[in-house]
Number of protein chains: 2
Amino acid sequence: MENQVTAHEVAKLAGVSQSSVSRVFTKGASVSGKTREKVLKAAEQLGYRPNEYARSLIMRKSSLIGLVMKGVSNPYYPHAVKKFTSELKKLGYSVLLIDTDDIELQMHDIDALLSYHVAGVVIMDATASLQTAEMLKRFRIPAVLFNRVVPGSGLHSVSCENETAAREIARLLIDRGCKSFTYVGGREGASTHIERLKGFTEELENHGFGCQVLPGDFTYGTGYRNGAEMVESGRLTDAVFAVTDIMAYGIFDAFRDRGVRVPEQVKLIGFDDIEMSSWSPYQLSTYAHPVDRMVALSIELLLDPERSHADGEVHYLPGEMKLRGTT
Amino acid sequence: MENQVTAHEVAKLAGVSQSSVSRVFTKGASVSGKTREKVLKAAEQLGYRPNEYARSLIMRKSSLIGLVMKGVSNPYYPHAVKKFTSELKKLGYSVLLIDTDDIELQMHDIDALLSYHVAGVVIMDATASLQTAEMLKRFRIPAVLFNRVVPGSGLHSVSCENETAAREIARLLIDRGCKSFTYVGGREGASTHIERLKGFTEELENHGFGCQVLPGDFTYGTGYRNGAEMVESGRLTDAVFAVTDIMAYGIFDAFRDRGVRVPEQVKLIGFDDIEMSSWSPYQLSTYAHPVDRMVALSIELLLDPERSHADGEVHYLPGEMKLRGTT
DNA sequence: CCCATGTTTGCATACGTATTCATTCCAGCA
DNA sequence: TGCTGGAATGAATACGTATGCAAACATGGG
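Looking at an unreviewed UniProt entry, one finds chain A named LacI family DNA-binding transcriptional regulator and attributed to Bhargavaea changchunensis.

Draft legend 1. Representation of the overall build of chain A in the model. A tally of helices and strands in chain A yields 13 helices and 12 strands. Against the compact-globule benchmark of 20 Å for 327 residues, chain A has a radius of gyration of 25 Å, which places it well outside the compact range. Oriented by its inertia axes, the alpha-carbon framework of chain A measures out at about 85 × 40 × 30 Å. Residue burial in chain A is summarised as follows: out of 327 residues, 58% are buried. As displayed, chain A offers around 13500 Å² of accessible surface, 50% of which is attributable to carbon and sulfur atoms. With 37 positive and 41 negative side-chain charges, chain A shows a separation of 8 Å between the mean positions of the two kinds.

Draft legend 2. Quick look at the UniProt feature "domain: HTH lacI-type" (unreviewed entry) in chain A. The residues that UniProt annotates with the feature "domain: HTH lacI-type" (unreviewed entry) are residues 5-59 of chain A. The distance from the first to the last C-alpha atom of residues 5-59 of chain A is 20 Å, and the span holds 69% helix and 0% strand.

Draft legend 3. Structural context of the relation of the copies chain B and chain A. For the pair chain B and chain A, the best superposition has an RMSD of 0.0 Å and corresponds to a rotation of 180° with a translation of 0.0 Å parallel to the axis. The symmetry that links the two subunits is that of a two-fold axis.

Draft legend 4. Representation of the sheet that holds strand β6 (residues 181-184) of chain B within the structure. Residue and element names in this part refer to chain B. An order of β7-β6-β8-β9 is seen for the four strands of this open sheet, with the pairing classed as parallel. Pairing within the sheet leaves two strands with one partner each, and these edge strands are β7 (212-214) and β9 (267-269). Averaged over all adjacent pairs, the angle separating strand axes in this sheet is 15°, with direction ignored. Sheet topology note: the strand β8 (residues 239-242)/β9 ladder contains three bridges and is parallel. Bridge pairing in β9 links Ala 239 to Lys 267. Strands in contact with helix α9 (residues 191-206) are β6, β7 and β8; relative to β6, the strand with the most contacts, it is inclined by about 170°.

Draft legend 5. View of the interface of chain B and chain A. Each partner contributes to the interface: chain B provides 61 residues, whereas chain A provides 61 residues. Between chain B and chain A, roughly 5500 Å² of surface is buried when both sides are summed, and carbon and sulfur atoms account for 58% of that area. Across the contact surface, chain B and chain A share six salt bridges. For Asp99(A), the salt bridge goes to Lys82(B), with nearest N and O atoms at 3.0 Å. Viewed at the interface, chain A and chain B are joined by 31 residue pairs in polar contact (both at pLDDT 80 or more). Counting residues per element, the ones that place at least two in the side of chain B that touches chain A are α3 (33-46), α4 (52-59), α5 (76-90), β2 (94-99), α6 (107-115), α7 (130-138), α10 (220-232) and α11 (245-257) of chain B. Its residues placed into classes, the side of chain B that touches chain A shows 26 nonpolar, 17 polar and 18 charged. As paired strands, strand β2 (residues 94-99) of chain A and β2(B) are joined by three bridges and run antiparallel to one another.

Draft legend 6. Region of the structure containing the pattern of salt bridges. Scanning the model with the defined rule gives 34 salt bridges over all chains in all. When the shortest N-O distance is used, the salt bridge between Glu202(A) and Lys198(A) registers 3.6 Å. On the criterion of helical spacing, the pair formed by Glu202(A) and Lys198(A) is a turn pair, its members being four residues apart in helix α9 (residues 191-206). The salt bridge involving Arg167(B) is made with Glu202(B); its shortest N-O contact spans 2.7 Å. Taken as a pair, Arg167(B) in helix α8 (residues 162-175) and Glu202(B) in helix α9 lie far apart in primary sequence, 35 residues in all. The buried category is assigned to Arg167(B), whose relative accessible area is 18%. Glu202(B) gets classed as partly exposed once you look at its relative accessible area, which sits at 31%.

Draft legend 7. Representation of the protein's contact with DNA strand C. Ala7(A), Ser22(A), Ser20(B), Arg23(B) and Thr35(B) are the nearest of the 29 residues found near DNA strand C. Among the atoms of DNA strand C lying within 4 Å of the protein, the sugar-phosphate backbone contributes 60%. In this structure, a phosphate oxygen belonging to DNA strand C sits 2.4 Å away from a side-chain N or O atom of Ser22(A). At 3.1 Å from a phosphate oxygen of DNA strand C is found a side-chain nitrogen or oxygen belonging to Arg60(B).

Draft legend 8. The arrangement of the domain arrangement of chain A in detail. According to the domain assignment, chain A consists of domain 1 (7-50), domain 2 (60-160 + 291-320) and domain 3 (162-288). With centres defined by C-alpha atoms, the gap from domain 1 of chain A to domain 3 of chain A works out at 61 Å.

Draft legend 9. Main features of helix α2 (residues 18-25) of chain B. Residues and elements named next belong to chain B. Those residues of α2 that fall on the buried side of the exposure criterion are Ser 20, Val 21 and Val 24. Each buried residue of α2 lies within a common arc of 105° when the element is viewed along its axis, so the set occupies one face. As for α2, its buried residues are in contact with α1 (7-14) and α3.

Draft legend 10. The arrangement of the sheet that holds strand β11 (residues 314-317) of chain B in detail. Within the open sheet, the 12 strands sit side by side as β11(A)-β5(A)-β4(A)-β3(A)-β1(A)-β2(A)-β2(B)-β1(B)-β3(B)-β4(B)-β5(B)-β11(B). Their pairing is mixed. The open sheet terminates on both sides in strands that have one partner only, identified here as β11 (314-317) of chain A together with β11 of chain B. On average, each strand axis in the sheet is inclined to that of its neighbour by 25°, with strand direction left out of account. In this structure, strand β3 (residues 120-124) of chain A lies alongside strand β4 (residues 143-146) of chain A, joined through four bridges in parallel fashion. Directly across from Val121(A), in β4(A), lies its bridge partner Ala143(A).

Draft legend 11. Fine view of the nonpolar core. The biggest cluster of nonpolar side chains holds 148 residues, and the ones touching the most others in it are Phe200(A) and Phe200(B). Those residues in contact with Phe200(A), other than ones at most four positions away along the chain, are Ala166(A), Arg167(A), Ile169(A), Ala170(A), Leu173(A), Phe181(A), Thr182(A), Tyr183(A), Cys211(A) and Phe241(A). By size, the runner-up hydrophobic cluster in this structure holds 52 residues, among which are Ile123(A), Met135(A), Leu136(A) and Leu114(B).

Draft legend 12. Summary view of the environment of His156(B). Residue and element names in this part refer to chain B. Looking at where His 156 falls in the secondary structure, it is placed in strand β5 (residues 156-160). Classification of His 156 by relative accessible area gives buried; the value is 2%. Considering only alpha carbons, one finds His 156 and Thr 127, 29 residues apart in sequence, at a separation of 12 Å. With near-sequence residues (within four places) excluded, His 156 lies in contact with Ala 143, Val 144, Leu 145, Leu 301, Arg 307, Ser 308, Ala 310, Asp 311, Gly 312 and Glu 313. Separated by 2.8 Å, the side chain of His 156 and the backbone nitrogen of Glu 313 make a polar contact.

Calculation criteria
Residues numbered from 1 in each chain as written. Chains lettered and ligands numbered in written order. Predicted model: local features only at pLDDT ≥ 70, side-chain atom pairs only at ≥ 80, totals over all residues. Heavy atoms only, no water. Helix = DSSP H or I, 4+ residues; strand = E, 2+ residues; numbered from the N terminus. Rg over C-alpha atoms; globule rule 2.2 N^0.38 Å. Buried < 20%, exposed > 50% of the residue type's maximum accessible area, 1.4 Å probe, protein only. Areas by Shrake-Rupley, 256 points an atom, 1.4 Å probe, with all protein chains shown as cover. Lys, Arg positive; Asp, Glu negative; His and termini not counted. Charge placed at Lys NZ, Arg CZ, Asp CG, Glu CD. UniProt positions renumbered as here; feature names shortened; annotations may be inferred. Least-squares fit on C-alpha atoms with pLDDT ≥ 70 in both. Pairing = 2+ DSSP bridges. Axes fitted to C-alpha atoms, helices over the stretch in contact; angles between N-to-C directions. Contact = heavy atoms within 4.5 Å. Buried area = accessible area lost by both parts, 1.4 Å probe. Salt bridge = Lys/Arg side-chain N within 4 Å of Asp/Glu carboxyl O. Polar contact = N/O pair within 3.5 Å; in protein donor to acceptor, adjacent residues only side chain to side chain. Nonpolar A, V, L, I, M, F, W, Y, C, P; charged D, E, K, R; others polar. Near = heavy atom within 4 Å. Domains from an automatic or database assignment. Arc of directions from axis to C-beta. Core = buried A, V, L, I, M, F, W, Y, C linked by side-chain atoms within 4.5 Å.

Below, the structure is given as structure tokens:
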């Protein structure tokens, strides 16, 4: 950075003023074709790139979007990250990656976002406490919760139609002739868990069925333990709905290891449709997130000046049922 | 960003000069306890954070590290990303995430890195053409290739001891009594592929064995197809070494689907030790990357001013064999 | 009490760019 | 040719911070 090529040097070489150089690189500015050409040639020769720091400083506008990830527990998120980065790149934004260790977006992480005055924040696979939400509002940083809803936070949320999908899943399993049901959940308090649980159990109730609810945490290991326990304690049901594909794999493997056959003895269905679900040992039936549309909507909410600072909108987008071998 | 709290406002509230405010937030600067306290109180009250743009501009030094990812094909990388972000955070750096679609780091992506004059670049799961390497050198951006080596690029490389590990794997399989061998590879030209292939076949040769080499691309699907073809064409061997865990899964599943038993009929071993390898359906024997040490060394290479701009160092770190159920 | 020494402090400036404002340029027309 | 109005240009300034410099201040020894 010490030997940075500046607009002044380009200007000198091109025989114009620094202003003209700037105008060439600022879209919508008025420059004659002649000088534009001279400037571009000089810039090319020197390898000039406008300095983003100076640019963001003077324009009082950041070209960074903060992307908050919790971890690597679920392969579903890296996929969404990829989509975000490539879409944002098209719009001229770069991505500042924040990796929280905690379930919640921490104050410490907020610091980085504030120092760069990011144009917006996407919070994935993590949640924001009301205090954190307040902080974001206070500093007028547009934020959207991706795949999470935090009631009362006033933050935008973009989620899958969890409840509706869970109802659909319930009906599907009933149609398949199942009479007893189990729901294996995610972390207590996670909106995806709550909404899917609600839709599933309510719809079952509507049809006169009950549901065994087992606690979980979105991990394979816990899925496995739950599956093992179901078999060993004799509490196996005709159908199992796992809050997440990853958990479904664990359950599936626990069943298989104990000689329980899927889908003959038990029907199993997950949620997410990550790549692995189509792999041979699983062939898991599941409900696919509309990732692309979720990403597009998130970006829209962040960057539209009309909506970014307005009250939090909560969106539930419809996904698609993917029926494979486990139902 | 329009209503940014500046050091001037803090200064006014605290009754000191802007310089003093700056000094409080610049470590190593000389401030009295009294003013420090006044400033911190005022800053807290106003929610002041130093503006990174102004700071990076005046200091001519970026606090960003570029992290280049190719995609989401291999769960091994997200794990490393997490390690990078958390380690860099400790050192006061933030992460600029670049997502290349291509196998190579593209010029277009370089632009973002240059605009922010990043303090360094980590290139993961992708490679850099000689032209790109030249570009990085020209702009004096320290770079390290993570898990890749590009001879002649002059870039630092931090990799696993691929060749040595592959030899070890060969000896292990020989010890297990295997007489015929297959290597299922990765993308042509990828250094991990080349090095593991070399170590494996050479060591086998040393013991008087040949090796069937099948082409691959690091994906599950290709692993599966290779596995299927081996069975169906009758070219099954006593042992199979897959360049990557992901590919090993595909091979394993193809075998299983066709009634070939692992490890009784075929011994199978992968490379990476991603989380899934310990899952019940696979229990894959594999060789674990020393991720933590690889990350630490990468950061060291980037940030040590003595080494960051020096000629590219190529490091191979030893990992650890993980023997599970497939050998 | 005074001077010497070291520590704090404020002023002014610079980082590289976008943009306002005044000036110059130039095409088009009478 | 002389005018006019719009387009293009350059000079100057501002963004928010770190830092060199000189002035102010504190401290302690004689």
